[in-house]
Amino acid sequence: MTLLTTEDYKAIAAGLTLPTGAFIDGRFRPAQSGATFETRNPATGQLLAEVAACGPADVDLAVQKARDAFEDGRWSRLPPRARKEVLIRLAKLLKRHARELAVMESLDSGKTIYDCETVDLPETIHCLTWHAELIDKIYDQTAPASDDHLALVLREPVGVVGLVLPWNFPLLMLAWKIGPALAAGCSVIVKPAEETPLTALRVAELATEAGVPPGVFNVLPGHGPEVGEPIGRHMDIDAVSFTGSTETGRRFLRYAAESNLKEVTLEMGGKNPAVVLDDAENLDRVAAHVVTGAFWNMGENCSAASRLIVQSGVKEALIARILAHAREWPMGDPLDPANRVGALVSPAHLDKVRSYLAEGPTVLLGGKAHGAFVEPTILEITDREAAPAREEIFGPVLSVLTVESFDEAIALANDTPYGLAASIFTANVKKALRGARALRAGTVTVNSFGEGDITTPFGGFRQSGFGGRDNGIHAHDQYTQLKTIWIDLADDAAEAVS
Ligand SMILES: NC(=O)C1=CN([C@@H]2O[C@H](COP(=O)(O)OP(=O)(O)OC[C@H]3O[C@@H](n4cnc5c(N)ncnc54)[C@H](O)[C@@H]3O)[C@@H](O)[C@H]2O)C=CC1
Ligand code: BAL
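The name given to the chain in an unreviewed UniProt entry is Aldehyde dehydrogenase, with Cereibacter sphaeroides as the source organism. Under Sequence similarities (unreviewed entry), UniProt gives the following word-for-word description of the chain: "Belongs to the aldehyde dehydrogenase family."

Peer 1: Whenever I open this one, the site of ligand 1 confuses me. Can you help?
Peer 2: Neighbouring residues of ligand 1: 27 residues in total, closest P166, G224, G228, G244 and S245. Listed by contribution, the elements that provide at least two residues to the shell around ligand 1 are α8 (224–233), α9 (246–258) and α12 (347–357). At 5 residues, α8 tops the list of elements feeding residues into the shell around ligand 1. Taken together, the residues of the shell around ligand 1 break down into 9 nonpolar, 11 polar and 7 charged.

Peer 1: Explain the packing of α8 against α9 here, please?
Peer 2: At a minimum axis separation of 8 Å, α8 and α9 run at an interaxial angle of 45°. The orientation of α8 relative to α9 falls into the category oblique. Of the two possible hands of crossing, α8 and α9 adopt the one that is right-handed. Each of G224, E229, G232 and R233 in α8 lies in contact with α9, whose residues at this interface are T248, R251, F252, Y255, A256 and E258. Residue composition of the contact of α8 with α9, by class: 3 nonpolar, 3 polar and 4 charged.

Peer 1: Help me understand the site of ligand 2 in this model?
Peer 2: Close to ligand 2 lie P166, N168, F169, M173, T243, N301, C302, S303 and E451. Tallied by class, residues from the shell around ligand 2 come to 4 nonpolar, 4 polar and 1 charged. Counting only domains with at least three residues in the shell around ligand 2, you end up with domain 1 (6–268) and domain 2 (273–446).

Peer 1: What should I look at first to understand the sheet that holds strand β22 (residues 480–488) in this one?
Peer 2: Hydrogen bonding along the main chain pairs the strands of a sheet, whether they run parallel or antiparallel. Pairing in this open sheet of 3 strands is antiparallel, and the strands run β5-β6-β22 from one edge to the other. Two strands close off the open sheet at either side, each with one partner strand: β5 (141–143) and β22. When the angles between neighbouring strand axes are averaged without regard to direction, this sheet yields 30°. The sheet contact formed by β5 and strand β6 (residues 149–157) spans 3 bridges and is antiparallel. Directly across from A143, in β6, lies its bridge partner A151.

Peer 1: Would you take a moment to explain the UniProt feature "active site" (unreviewed entry) in the chain for this structure?
Peer 2: As annotated by UniProt and renumbered to match this structure, "active site" (unreviewed entry) occupies E267. You can see E267 is positioned in strand β11 (residues 263–267).

Peer 1: Explanation requested: α9 in the structure shown.
Peer 2: Quick reminder: α-helices carry 3.6 residues per turn. Residues three or four places apart thus point the same way. Compared with the 18 Å implied by 1.5 Å per residue over 13 residues, the 19 Å span of α9 between its first and last C-alpha is a close match. Considered for burial, the residues of α9 that qualify are T246, G249, F252 and Y255. The arc that holds every buried residue of α9, seen down its axis, measures 165°, which confines them to one face. Turned more than 90 degrees off the buried face of α9, the exposed positions are E247, A257 and E258.

Peer 1: Any chance you could explain the domain arrangement of the chain here in plain terms?
Peer 2: Interfaces are often described in size by the accessible area the parts lose on coming together. For the chain, the assigned domains are domain 1 (6–268) and domain 2 (273–446). Of note, the centres of domain 1 and domain 2, computed from C-alpha atoms alone, are 31 Å apart. Contacts between the two partners involve 17 residues from domain 1, matched on the other side by 16 residues from domain 2. Sorting the residues of the side of domain 1 that touches domain 2 by element identifies α1 (6–15), α4 (98–109) and α5 (113–134) as the ones contributing at least two each. Looking at the side of domain 1 that touches domain 2, the element that brings in the most residues is α1, giving 4 residues. Class assignment for the residues of the side of domain 1 that touches domain 2 results in 7 nonpolar, 6 polar and 4 charged.

Peer 1: Can you walk me through the sheet that holds strand β13 (residues 307–311) in this structure?
Peer 2: Strand order in the open sheet formed by 7 strands is β14-β17-β18-β13-β12-β19-β20, and the pairing between neighbours is mixed. In this open sheet, the two strands that pair with only one neighbour each are β14 (362–365) and β20 (443–446). Shown here is a sheet whose adjacent strand axes are inclined to one another by a mean of 25°, direction ignored. Inspection of the sheet shows β14 paired to strand β17 (residues 377–380) by 3 bridges, in the antiparallel sense. Residue pairing for β17: T362 is matched across the bridge by E380. In the packing of helix α10 (residues 283–295) onto the sheet, the strands contacted are β12 (273–276), β13, β18 (397–403) and β19 (421–425), and the crossing angle to β12 comes to about 170°. Contacts from helix α11 (residues 312–326) reach β12, β13, β14, β17 and β18 within the one sheet, and its direction differs from that of β13 by about 140°.

About the criteria used
- Residues numbered from 1 in each chain as written.
- Chains lettered and ligands numbered in written order.
- Predicted model: local features only at pLDDT ≥ 70, side-chain atom pairs only at ≥ 80, totals over all residues.
- UniProt positions renumbered as here; feature names shortened; annotations may be inferred.
- Near = placed C-beta within 6 Å.
- Helix = DSSP H or I, 4+ residues; strand = E, 2+ residues; numbered from the N terminus.
- Nonpolar A, V, L, I, M, F, W, Y, C, P; charged D, E, K, R; others polar.
- Axes fitted to C-alpha atoms, helices over the stretch in contact; angles between N-to-C directions.
- Parallel < 35°, antiparallel > 145°, perpendicular 65-115°, else oblique.
- Left-handed = near helix turned anticlockwise from the far one by under 90°.
- Contact = placed C-beta atoms within 7 Å.
- Domains from an automatic or database assignment.
- Pairing = 2+ DSSP bridges.
- Expected span 1.5 Å × (residues − 1).
- Buried ≥ 20, exposed ≤ 12 C-beta atoms within 10 Å, placed from the backbone.
- Arc of directions from axis to C-beta.

And the structure:
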């Protein structure tokens, strides 16, 4: 991927045609109420577009169109190979439009163009390709029944699914959910976050160009209470997959319980520990992992390494290296490809992150906001009950906590209601494995910080996750349901009674 100059990116930005309608039944249309909301560039405050502000009536219409499409089988009953061809075409179209989408994503979210070009777009395309390729490689099962019976265990698409998305990876989270949902044959109602509605709308348009039939892929921009809640409560939506805060995740369980008991998958927040033991090798590499884990995507990442739990013997040397690495993360104009730290997504989120900077622990690095930009910040924390040590900040803020032993490190790492991701750095293979087993998190990395890739399931323990998993073959479980077909092959009456 050859990056362009800032001027070239600005020229692309100036020439973009931004989508503004809701995308229902294969075409853009205004919200039925006629209402709109603004989406702005968080880095500059500049108005980008007035987008349809959907409401319950738009949800009803989209669900009806999605249900029609599902029932007549225009997508759900296509041969798997035919669905695969369409989704591969979509992935190729995204590749052809990658630069346009990268700029749109950066403008709408404040993410750096560097990340959009080198991570978000390539990973989005790879995710869709991966799930498309999988479609015709998943087999049903035959159960071990007697000779007089044939018992089939089949996977069927679950039906109409609501996909409620966050703003931190608008395209990638869209791909994580539409990839397996469309592959399985479901019809989808996507609700992008109100902060970042643009790229999901453009992808829906491209999906239609690729051959996804009308009604199968609908996108409803708007706010949580007006669109998210009616999706959660809709009697004709069969499943919801949500990524966002734990607080809103809880609401989706309530909505399901109070409506049709739709299946709910929740991927929520985290306060993810990076445990570094005294015997960790190559501290420079450890520091690079911790810094990337903490500051990548401005820390607006559910799996961000937001807590460094370091054993005292290695602390001083590690912190020195972390400070050196952190200073290599330039902050500024997201469209400047040299920058690694862009703008926080919104003024409201900026206020939330700033409130943690005013808490008063020792600031080892950063600690200041400049407009919509927050410096990579490292806080040394002695009070383990302090808010920056316990709460998800979702900004470029690393909290450092010191421990004396392996057991204390693991206990502190697990002392959180969350359980999304964790890591342990040690040269001792026994401690690595003991630690990885003891850490209560959906993904544990050893001697690195990350969340795996598309081949491995991603989701959280405890208040970080509920229900199914994103990514891997396992993601298809969210969008399919098992059907047993039990065939009686006996042909005399006596056996029919037994
Ligand atoms: N796990 C993750 O990846 C994410 C975690 N968060 C965490 O949540 C905090 C708050 O961010 P928010 O944008 O407010 O997250 P949120 O959970 O409120 O928003 C996520 C999605 O849920 C929708 N939503 C909001 N209220 C709703 C409601 N009452 N009913 C149905 N849908 C609703 C939103 O419109 C958005 O599409 C962040 O500071 C961060 O700590 C936020 C985004 C992603
Ligand atoms: N790290 C990808 C998932 C998320 O932040 O929501």
